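Below, each chain spelled out in residue letters.
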Amino acid sequence: MSASVYQLSKGEIKLKFNLVLPTSLLVLLGNSFGLGAAVAQSSQQTPPKTSPTDVEAAKQKLGSIMAASNMRMTTQAPSNFPVQAYKSNVTQTTFINSTKGSPVANLSICTKDSPETVFQWYQQALKAAGWTLRIPSAKLMAKLGSQGQLFMLDAEKEQQGIKLMCILDKATNGTTVTVGWLKNR
Amino acid sequence: MSTVEKRSKRGSVTAFAAALALTLMVLGIGFIIICLYMGGQRETKNATDAGALSVGKEVLSEPSVMLTPAANQRCFFDCTNDTINNNVMGDGRVNLNRINRVWSKAMVIAINAEDSNAGGGKGNADSAFQGAESISNSLADKLTDASNLHGFFTDLSKKNSTRMIGVGSATEVKPGAGWQTSLMDRDAESNIELTGTPSNNFYLPPGFSMPGSSTTKCTRNPIPGEVSNTTFLKGYAPLQIGNHDFWQVPFKWNDKPHLVSSTPFIANKVSTKATNWTKPVPNAFSVEGQAVKPGATGEIASSWVLSNPRHAYKIAAPHSFLKIHVDQLKCHWFFYVPLKVEGFSTQNYDYTPTSLTGSTHFPGGTGSTSLTPPAHMIGLDVVGRTLDEIIFGVPKGSTDKLEKYMVSRANQMISKPGVEITASKLHSTLNSPTTIAWLIAGERDFYVFSKDGETLECQPKALAIAMAPTWLPLIIGESADGNETKLIDDANMPSVVNPPMPTSPSPIPFFTPAPPYIPNVSWVLWDKDVYWKNGTGYNGSLGEVRVKRWSEVHSVGVCIPII
Amino acid sequence: MRNRAKRGSGLIEAILAATILVPIALFLLDLTVMIIANSMNDTAAKNAARAAANQPNGGAAHAAAEKALATFQASAIVKSLAISEFDYPSKGVGSVSVVTVMEVKLPVPVPGFAGYTFKAGDVEPIVGSTIPE
């Protein structure tokens, strides 16, 4: 090990679950989302004709796999999810939640809108819903070298916590939004 | 009247006066002798009282018993000092002041061995009991041998004047039946306090309850405010744990050594009032002194004294530690072909997140020849997390029992009366931000211990040894003597940070991949197992916590027929 | 003449007897006072030493010893009672030694002895301090 000790530098955000994201991580995150988006794009060429029955069977198979892991995945956020789902120019929505044990959920939305637009929308929506927001300073974001590419915040309300990230999808210039929700321990 | 009669009448007053004077002188001398006698009695009693108090005070330190090198006595070395500071080395001697510490540590070991996963700890608890009993019996033998106490008596008795007996006389020991011992204040409190209250089970390990018959509040009347809420172990009352009876000597809280009257002393002698303790350690002593000068009347006096160290301790195993080991983090890749199978590559990761891609799997799923899982950012379950969050954080699992074990062990390390390690304090110790740095730096073993008997530390090995250099290096290599059991079994949850990623399985001929995301999707699960290995503290280890965390990347690749 | 001699001899005998008996009686009175005073002084020294031995430190011990003698009230016979020596070990381990001095004025003055000073000492083990850590 090196002589240096990992330290939280001043202004560095300590996210809800004490996940501290150094610069390299955020860059890699951005890249991984870009990869996913590129894969999605390649499959947007006209697909061959398939039977709806077969598609439905495949979806049910995923459902049974998820149920075995005490999880559920859908393409829509449930109406009772504590955080509103972004609706403008959405190309893909996935919602995954635990069905047993610690209540957790992850809402992921791909949209053509810019990260900044999406982030502003969520800030207003969360504040209006009574969430207490913790947003890293512009100075910190500048330090991370991710201006315009990554926006993130923590939010708290009652016994719930939220970790929100809006990441630029470089392939489409759109945004991948991840809303992680957890009941506090 | 005749001449003779007249002559005898004239001499009668003088003779009477002379007789009276003689009588007065005799009475005076007699009075002086009586005064000297009574004064001598008083002085002898005073000197004997002083000698008795000296015995009552000095007997707390000597006679003492030196621990043998045998393991079942060496384990009590941390009880051979008069301080709560764990870093102060003992001298290897057990005396009346320390005997309750020895018995209480033996109790701690036995209580920990009552766990269903005690394993080899049960044998160690038996050994510890035998060691404590052997030490106690040796001490009892020495305390009941009056010759060990004579010196303390004469140290003070001779310094007190008995000039009424005669110049140069002094009160010395009168050996014999006047030197006895007694077990007074039965069922009163000992000088060992329990931590906490009955409502939190005195922070004892889960599954063990302290019998009410073995504990008591302070029996002084009125109860001093400082100990109004304190529970003590009861003296001369057996505490049965397993197959053994553990004992304590009663010492009323903050009571000074003092003289007592003969009546209660005699009433509590073993010969008068039996006890189940085979060789009880006495707390009261009778003395007999005599002041003699050759040619003068000697005086004998007896006194009775109840001893008390006025030093409270806590039920504890001072030199002990708890080890926390964090297993190597691993990433497992799963595919559904159609049944769930694990991929061939399992990758290690650490506390700095990294993008990982699993190996291509053949086949990839229903209707698919192969599937290369998309890259995911792995390590987000542990990045920036403290040791407390690694153990108790999400995915949480049922952490109650683990927490109770760790809290009970933490309290066993604390020697200072009145200091409680609550669950909150334990979490606070494990939540130290420095643990984040240590984990990132590659440390996997942490040690929880108390360097000073009143505060808790959680440090990696090198730092722990530096903080407690006098004792921790000697025991830090010891393993817990019990069996390991899994307390949290595969607590898991979907990652709240990793978004699901679409997959692109390679189709077999005439098939095409099903829609991305539903069903062709890859997601990340966070998983955790936590193990507890019971430790009695006999060899210093109070237990081991092992945390195993891993990530699972599940990838579904379904291809459907083209129509 | 013989009658006059008879009356005078009785008186002389009485005076002679009184000359012997009265001093003896007065001496016994003085002796009694001295014995009682000595006993009082011994008790005072013991009480002062015992009180001091029950204290945790030297300052408190000295104050306790003084307090133990505070109930003393001077009289025509016992003029004063005070601590003349006080020895308390620095660390509160061991024993405390107290010497008291009592001044007594004899009720029947003796030529050359207007009064007498009694000295008494007592040593007690210190039980007020705790075993040092």
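These figures come from a predicted structure and were not determined experimentally.

## What to know about the overall build of chain A
Working step 1: Along its length, chain A carries four helices and seven strands.
Working step 2: Going residue by residue from the N terminus, the α and β elements of chain A occur as α-α-β-β-β-α-β-α-β-β-β.
Working step 3: Out of the 185 residues belonging to chain A, those deemed buried represent 39%.
Working step 4: Sequence-distant contacts, at least 24 apart, represent 57% of the contacts inside chain A between residues at least 6 apart.

## As for the overall build of chain C
Working step 1: A tally of regular secondary structure across chain C gives two helices and three strands.
Working step 2: Order of helices (α) and strands (β) in chain C, N terminus to C terminus: α-α-β-β-β.
Working step 3: Compactness check: chain C gives a C-alpha radius of gyration of 24 Å against a globular reference of 14 Å for 133 residues, more than 25% above the reference.
Working step 4: Seen through its principal axes, chain C has C-alpha atoms that stretch 100 × 20 × 20 Å.
Working step 5: For chain C, the residues scored as buried account for 28% of the 133 residues in total.
Working step 6: Relative to all contacts within chain C whose residues are 6 or more apart in sequence, the contacts with residues 24 or more apart total 63%.

## Let's talk about the interface of chain C and chain B
Working step 1: Each partner contributes residues to the interface: chain C has 28 residues there, and chain B has 31 residues.
Working step 2: At the level of secondary structure, the elements contributing two or more residues to the side of chain C that touches chain B comprise α1 (2–53) and β3 (113–125) of chain C.
Working step 3: Residue contributions to the side of chain C that touches chain B peak at 16 residues, all from α1 of chain C.

## With respect to the interface of chain A and chain B
Working step 1: Contacts between the two partners involve 49 residues from chain A, matched on the other side by 51 residues from chain B.
Working step 2: Among the secondary structure elements, those contributing two or more residues to the side of chain A that touches chain B are α1 (23–42), α2 (52–68), β1 (71–74), β2 (90–98), β3 (104–111) and β7 (174–183) of chain A.
Working step 3: Ranked by residues supplied to the side of chain A that touches chain B, first place goes to α1 of chain A with eight residues.
Working step 4: Tallied by class, residues from the side of chain A that touches chain B come to 24 nonpolar, 18 polar and seven charged.

## Comments concerning the nonpolar core
Working step 1: Ranked by size, the top nonpolar core spans 208 residues in total, and within it Ala106, Met107 and Ala110 of chain B together with Ala52 of chain C carry the most contacts.
Working step 2: For this core, the element with the most residues is helix α3 (residues 99–112) of chain B, which contributes nine residues.
Working step 3: Contact partners of alanine 52 of chain C, with chain neighbours within four places excluded, come to Ala61, His62, Ala64, Ala65, Tyr88, Val96 and Val98 of chain C.

## Let's talk about the pairing of β2 of chain A
All names here are of chain A.
Working step 1: Summarising the sheet, β1 and β2 pair through four bridges and their orientation is antiparallel. Considered in β2, the bridge of threonine 74 is made with phenylalanine 95.
Working step 2: Pairing of β2 with β3 involves seven bridges; the strand directions are antiparallel. Bridge pairing in β3 links threonine 93 to isoleucine 109.

## What to know about the confidence of the model for chain A
Residues and elements named next belong to chain A.
Working step 1: Mean pLDDT over chain A: 75, with 70% of residues reaching 70 or higher.
Working step 2: At the low end of the mean pLDDT range in chain A sits α1, at 39; at the high end sits helix α3 (residues 115–128), at 93.
Working step 3: A low-confidence stretch, residues 1–44 (pLDDT under 50), is modelled with 81 contacts involving residues beyond four sequence positions or located in other chains.

## Things to note about the sheet that holds strand β2 (residues 95–110) of chain C
All names here are of chain C.
Working step 1: Spatial ordering of the open sheet is given by β1-β2-β3, a layout of three strands whose pairing is antiparallel. Two strands in the sheet have a free side with no partner beyond their single neighbour: β1 (78–87) and β3. In this sheet, neighbouring strand axes are inclined to one another by 20° on average, regardless of whether the strands run parallel or antiparallel.
Working step 2: Note that β1 and β2 share eight bridges and pair antiparallel. Bridge pairing links valine 78 to valine 104 in β2.
Working step 3: This element, helix α2 (residues 58–68), spans β1 and β2 of the sheet and lies at about 165° to β1.

## Section: the environment of alanine 45 of chain C
Residues and elements named next belong to chain C.
Working step 1: Within the fold, alanine 45 resides in helix α1.
Working step 2: Judged by the 32 C-beta atoms lying within 10 Å of it, alanine 45 falls in the buried class.
Working step 3: In this structure, the C-alpha to C-alpha distance between alanine 45 and isoleucine 83, residues 38 residues apart in sequence, is 8.1 Å.

## What about the arrangement of the chains?
Working step 1: Sorting the two pairs of chains in contact by contact count puts chains A and B at the top.
Working step 2: Left apart from each other, chain A and chain C have a closest C-alpha approach of 39 Å.

## Overview of helix α5 (residues 150–157) of chain B
Along an α-helix, residues three or four apart share an orientation, since each turn contains 3.6 residues.
Working step 1: If you check which residues of α5 of chain B are buried, you get Phe152, Phe153, Leu156 and Ser157 of chain B. In an axial view of α5 of chain B, the angular spread of the buried residues amounts to 120°, which keeps them on one side of the axis.

## Description of unusual backbone geometry
Residue and element names in this part refer to chain B.
Working step 1: The omega angle of the peptide bond from glutamate 62 to proline 63 is 5°, so this bond is cis rather than trans.
Working step 2: Between valine 394 and the following residue, proline 395, the backbone shows a cis peptide bond with an omega angle of -5°.
Working step 3: Its location among the elements puts proline 395 in the loop between α7 (387–392) and α8 (400–413).
Working step 4: At phenylalanine 510, a position not held by glycine, the phi torsion is positive, near 70°.
Working step 5: Relative to the helices and strands, phenylalanine 510 is located in the loop between β25 (506–507) and β26 (511–513).
Working step 6: Of the residues examined, phenylalanine 510 has 11 C-beta atoms within 10 Å and is grouped as exposed.

## Digging into α3 of chain A
All names here are of chain A.
Working step 1: Taking 1.5 Å of rise per residue, 14 residues should cover 20 Å, and α3 covers 20 Å from first to last C-alpha, within 8% of that figure.
Working step 2: All buried positions along α3 are accounted for by Pro115, Val118, Phe119, Tyr122 and Leu126. In a view along the axis of α3, the buried residues occupy a sector of 95°, so they form one face of it. Counted as exposed and oriented over 90 degrees from the buried face of α3: Gln124, Lys127 and Ala128.

## Quick word on the pairing of strand β28 (residues 541–555) of chain B
Across a regular strand the side chains alternate sides, sitting on one face of the sheet and then on the other.
Residues and elements named next belong to chain B.
Working step 1: Among the 15 residues of β28, eleven are classified as buried, and the element is accordingly described as predominantly covered.
Working step 2: Here five bridges tie strand β14 (residues 321–326) to β28, and the two strands are oriented parallel to one another. Looking across to β28, one finds that phenylalanine 321 is bridged to serine 541.
Working step 3: Bridge analysis of strand β15 (residues 329–336) against β28 gives six bridges, and the strand direction is parallel. When the sheet's bridge partners are listed, phenylalanine 334 is paired in β28 with histidine 554.
Working step 4: For strand β27 (residues 521–534) and β28, the ladder comprises 13 bridges, and the chain directions are antiparallel. If you follow valine 530 over to β28, its bridge partner there is valine 547.

## A word on the sheet that holds strand β4 (residues 132–134) of chain A
All names here are of chain A.
Working step 1: Spatial ordering of the open sheet is given by β1-β2-β3-β7-β6-β5-β4, a layout of seven strands whose pairing is antiparallel. If you trace the sheet from one side to the other, it starts and ends with β1 and β4, each paired once. The average undirected angle you get between the axes of adjacent strands in this sheet is 15°.
Working step 2: Sitting on the sheet, α3 is in contact with β3, β4, β5 (150–157), β6 (160–169) and β7, with an inclination near 165° to β6.

## Let's talk about the confidence of the model for chain C
All names here are of chain C.
Working step 1: Summary statistics for chain C give a mean pLDDT of 87 and a share of 94% for residues scoring 70 or more.
Working step 2: Confidence, read as mean pLDDT per element, is least for α1 in chain C (83) and greatest for α2 (95).
Working step 3: Complex prediction metrics read pTM 0.87 and ipTM 0.86.

## Observations concerning the packing of α3 of chain B against helix α4 (residues 121–144) of chain B
Residue and element names in this part refer to chain B.
Working step 1: Look at α3 against α4: their axes get within 8 Å of each other, and the N-to-C directions meet at 165°. As summarised for this structure, α3 and α4 are arranged roughly antiparallel, according to the angle between their axes. Crossing of α3 over α4 shows left-handed handedness. Every residue of α4 that contacts α3 at Ile99, Val102, Trp103, Ala106, Ile109, Ala110 and Asn112 is listed here: Gly121, Asn124, Ala125, Ala128, Phe129, Ala132, Ile135, Ser136 and Leu139.

Cut-offs applied
Residues numbered from 1 in each chain as written. Chains lettered and ligands numbered in written order. Predicted model: local features only at pLDDT ≥ 70, side-chain atom pairs only at ≥ 80, totals over all residues. Helix = DSSP H or I, 4+ residues; strand = E, 2+ residues; numbered from the N terminus. Buried ≥ 20, exposed ≤ 12 C-beta atoms within 10 Å, placed from the backbone. Contact = placed C-beta atoms within 7 Å. Rg over C-alpha atoms; globule rule 2.2 N^0.38 Å. Nonpolar A, V, L, I, M, F, W, Y, C, P; charged D, E, K, R; others polar. Core = buried A, V, L, I, M, F, W, Y, C linked by C-beta atoms within 7 Å. Pairing = 2+ DSSP bridges. pLDDT = per-residue confidence, 0-100. Axes fitted to C-alpha atoms, helices over the stretch in contact; angles between N-to-C directions. Arc of directions from axis to C-beta. Expected span 1.5 Å × (residues − 1). Parallel < 35°, antiparallel > 145°, perpendicular 65-115°, else oblique. Left-handed = near helix turned anticlockwise from the far one by under 90°.

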